Amino acid sequence: MYLKRSRVIAEAILLAVVGVLLPLSAAIYAAWALSVNTEKGRLELVASQAAARTHLSILNTAARLRALDDQKQLAPCSDAHVAEMRRVSINGRMIEEVGYFNNGLLKCTSWGQTTKRIAKLPPEFMSGDDIETWVAVPPLVSGADPLTVVQVGKHNALIDPVRPIDLLSDNRIRVTIVAPNGRVAAMLNDLDTQVALTLAKQDKSGLKDDYVYGVATNAGWTAIAVGHREELIAQFRSQLWIFLLFGAFASVFIVAMILRQSRKRLSPLSELQIAVRNREFLVHYQPIVELATGNCVGAEALVRWKRPDGSLVRPDLFIPLAEQSGLIQPITDQVIDAVARDLNELLVQYRSMHVTINVCAEDIKSGRILETIAARIGRTGIENTQIWLEATERGLLDIEEASRTIEEARSRGHKVAIDDFGTGYSSLQYLQDLPLDTLKIDKSFINTINRQSATSSVVPHIIDMAKALNLSVVAEGVETVEQAEYLIEHGVEYGQGWHYGKPMPADIFIAYLYENMKRRRADVIPLRRSNG
Ligand code: C2E
Ligand code: CA
Ligand code: CA
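Worth saying up front: this structure is predicted, and the values here are computed from it rather than measured.

Draft legend 1. Main features of the sheet that holds strand β11 (residues 211-218). Spatial strand order, β9-β8-β12-β11-β10: five strands in an open sheet with antiparallel pairing. Looking at the sheet topology across the chains shown, the edges are occupied by β9 (184-188) and β10 (205-208). The mean inter-strand angle of the sheet, taken between neighbouring strand axes irrespective of direction, is 20°. Where β11 and strand β12 (residues 221-228) come together, eight bridges link them in antiparallel fashion. Looking at the pairing, Thr217 lines up with Thr222 of β12. Sitting on the sheet, helix α3 (residues 193-200) is in contact with β8 (174-178), β9, β10, β11 and β12, with an inclination near 115° to β12. In the packing of helix α4 (residues 229-266) onto the sheet, the strands contacted are β10, β11 and β12, and the crossing angle to β12 comes to about 55°.

Draft legend 2. Main features of a nonpolar patch on the surface. A surface patch of nonpolar side chains, about 420 Å² in accessible area, is lined by Ile9, Ile13, Val17, Val20 and Leu21. Given a relative accessible area of 31%, Val20 falls into the partly exposed group.

Draft legend 3. Geometry of the coordination of the calcium ion (ligand 3). For the calcium ion (ligand 3), the full set of protein donor atoms is Asp419 (OD), Asp420 (OD), Glu476 (OE) and Glu476 (OE), at a range of 2.1 to 2.4 Å. For the calcium ion (ligand 3), all donor residues lie on one chain, and their spacing in sequence is D-D-x55-E. A spacing of 3.9 Å is found between the calcium ion (ligand 3) and the calcium ion (ligand 2), which share Asp419 as a donor. With a gap of 57 residues between them, Asp419 in strand β18 (residues 415-421) and Glu476 in strand β20 (residues 472-476) connect regions that are remote in the sequence. By relative accessible area, which is 8% here, Glu476 ends up buried.

Draft legend 4. Spotlight on empty space enclosed by the protein. All chains considered together, the criterion is met by two cavities of 30 Å³ or more. Here the largest cavity is characterised by a volume of approximately 40 Å³. Forming the walls of the largest cavity are Ile288, His354, Thr356, Trp388, Glu390, Ala417, Thr438, Lys440 and Val474. At the level of secondary structure, the elements contributing two or more residues to the lining of the largest cavity comprise β16 (354-358), β17 (387-392) and β19 (438-441). Broken down by class, the residue content of the lining of the largest cavity amounts to four nonpolar, three polar and two charged. By volume, the second largest cavity is sized at about 30 Å³.

Draft legend 5. Molecular detail of the confidence of the model for the protein chain. On average, residues of the protein chain carry a pLDDT of 90, and 96% of them reach 70 or more. Segment residues 527-532: pLDDT under 50, and zero contacts once partners within four positions in sequence are set aside and those in other chains are kept.

Draft legend 6. Focus on the site of ligand 1. Gln286, Arg304, Lys443, Glu479 and Trp498 are the nearest of the 21 residues found near ligand 1. At a separation of 3.0 Å, a nitrogen atom of ligand 1 approaches a polar backbone atom of Val303. A total of 790 Å² of accessible area belongs to ligand 1 in isolation, and the protein chains cover 87% of it. More than half of the atoms belonging to ligand 1 lie within 2 Å of the grid points that define the largest pocket. Taken together, the elements giving at least two residues each to the shell around ligand 1 come down to β14 (295-306), α7 (328-349) and β18. No other element matches the four residues that β14 contributes to the shell around ligand 1. Of the residues belonging to the shell around ligand 1, the class tally is nine nonpolar, four polar and eight charged.

The rules we used
- Residues numbered from 1 in each chain as written.
- Chains lettered and ligands numbered in written order.
- Predicted model: local features only at pLDDT ≥ 70, side-chain atom pairs only at ≥ 80, totals over all residues.
- Heavy atoms only, no water.
- Pairing = 2+ DSSP bridges.
- Helix = DSSP H or I, 4+ residues; strand = E, 2+ residues; numbered from the N terminus.
- Axes fitted to C-alpha atoms, helices over the stretch in contact; angles between N-to-C directions.
- Contact = heavy atoms within 4.5 Å.
- Patch = residues over 30% accessible without salt bridge, like charges linked within 9 Å, V, L, I, M, F, W, Y side chains within 5 Å.
- Areas by Shrake-Rupley, 256 points an atom, 1.4 Å probe, with all protein chains shown as cover.
- Salt bridge = Lys/Arg side-chain N within 4 Å of Asp/Glu carboxyl O.
- Buried < 20%, exposed > 50% of the residue type's maximum accessible area, 1.4 Å probe, protein only.
- Donors = N, O, S within 2.8 Å, 3.2 Å for Na, K, Ca; no water.
- 1 Å grid on protein atoms, 1.4 Å probe; cavity = no way out; pocket = protein on both sides within 12 Å on 5 of 7 lines; lining within 4 Å.
- Points joined across faces, edges and corners; volume = space filled by probe spheres on them.
- Nonpolar A, V, L, I, M, F, W, Y, C, P; charged D, E, K, R; others polar.
- pLDDT = per-residue confidence, 0-100.
- Near = heavy atom within 4 Å.
- Polar contact = N/O pair within 3.5 Å; in protein donor to acceptor, adjacent residues only side chain to side chain.
- Sits in = over half its atoms within 2 Å of the grid points.

Right, here's the structure in full:
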């Protein structure tokens, strides 16, 4: 209603856009992260199995060779010896050939006697105390994989290093084994050697260039399992839809919440709530003058709602809603704070000046207002006699409770006025029962003065009644000099209205007051001059 709707709507749209984009991008990210993690986990597992099996194949082969070496009863290179070597070669799934060395030369193999002179080379590294090891040894049969060679005592075995790992993966995963000496020992599904060696230096798993990979090490053997990024993307795509579905649900939910929230924010009540929370209320002061002299004796504090855009909202537009919803109390508190802030100095300087505060029905009933004033005004130099209270007839309906509050207010030094007198339910009886100080005649009656209307005859009666009850009278809405003269004639003491001054911001009111006082002195000085 008052809050810039366009701002609320713009904010809602912005939030909605974020509310849609955020869950969707979160869904895409989650789908991607899950795919990468699943793939990395799968590759890590393959790599760790490959490293373990490779190491195991070396130990396993060494154990067979050790057993063979221990059979001292076999005459070297006899038929029985060759047959035994062949048995070992056949039983060990990965063993291609078994050989027997003596004096540094190959004497015979599982195939039979050797014809070529083949010398034993020093080992590349040891795989255990007695296990000499070589890797990437070129095979005699061209086109076959490079071999790993293991020697224990006088026997050696040629191992196909791919055999232990070949069942680990389909051809979509490439597995490379790097030996403890840093050389590539085996490759299942070819990968660039340089890439393999680079990846071997990474730890665990990751995403590098075009590859997703997992790395594992076992007894110095490093295995790298590499999947292709396309594979990953395919997996990501297949998962994405499910995630997007959840993301879309979340988006719809968030947007619905935003819509609900904005609709709420656009309601007048919540606007008012926000205004109270943001302390958007300030006070204008309307002079109250002594009619006979025109001297300003005080001011009425009239609340204004200052919107963030700087515009001022008149109280008629929000006080009814504030009263209905209970927000009037915090608003009254802000009015009291404003008075304490705005007029503290002035009221301390001029003790005969007063400010009247409009009090809602609820506060008159409960008397809460008195404690609030005590807490907020008590800290200032302002005296209770300078704070007057105004309540409308509606606020005074419950005579017993109202009397109690008014009594208490007066005992503390405040004065209490009945506001808008004549507009509501008023009877002499009830005026008599309330311990009031002042009666404010509503501006609708003042408006009729000197006009030939039916209600114009009411004004003198109200004045007489107030006098009979010993109440001082303030006429509201005095707009013309004729009205003022009429009121003076009829013995009304005080007046308030545009004829004297409209409600104005504190600084302007203070300037007004000083001007008013100067005029008073000026009235006096010429008299003195003429005398002297
Ligand atoms: P009200 O208490 O009767 O206050 C006087 C109203 O008459 C003010 O309207 C004032 O601007 C207006 N007025 C003063 N002189 C003239 C005049 O010569 N001619 C005309 N036509 N109008 C004049 P405003 O400031 O718009 O306040 C409207 C009402 O809102 C007040 O009527 C009062 O009932 C309520 N109100 C204002 N401030 C507060 C507050 O702090 N608390 C509560 N509970 N109500 C407030
Ligand atoms: Ca008033
Ligand atoms: Ca009034």
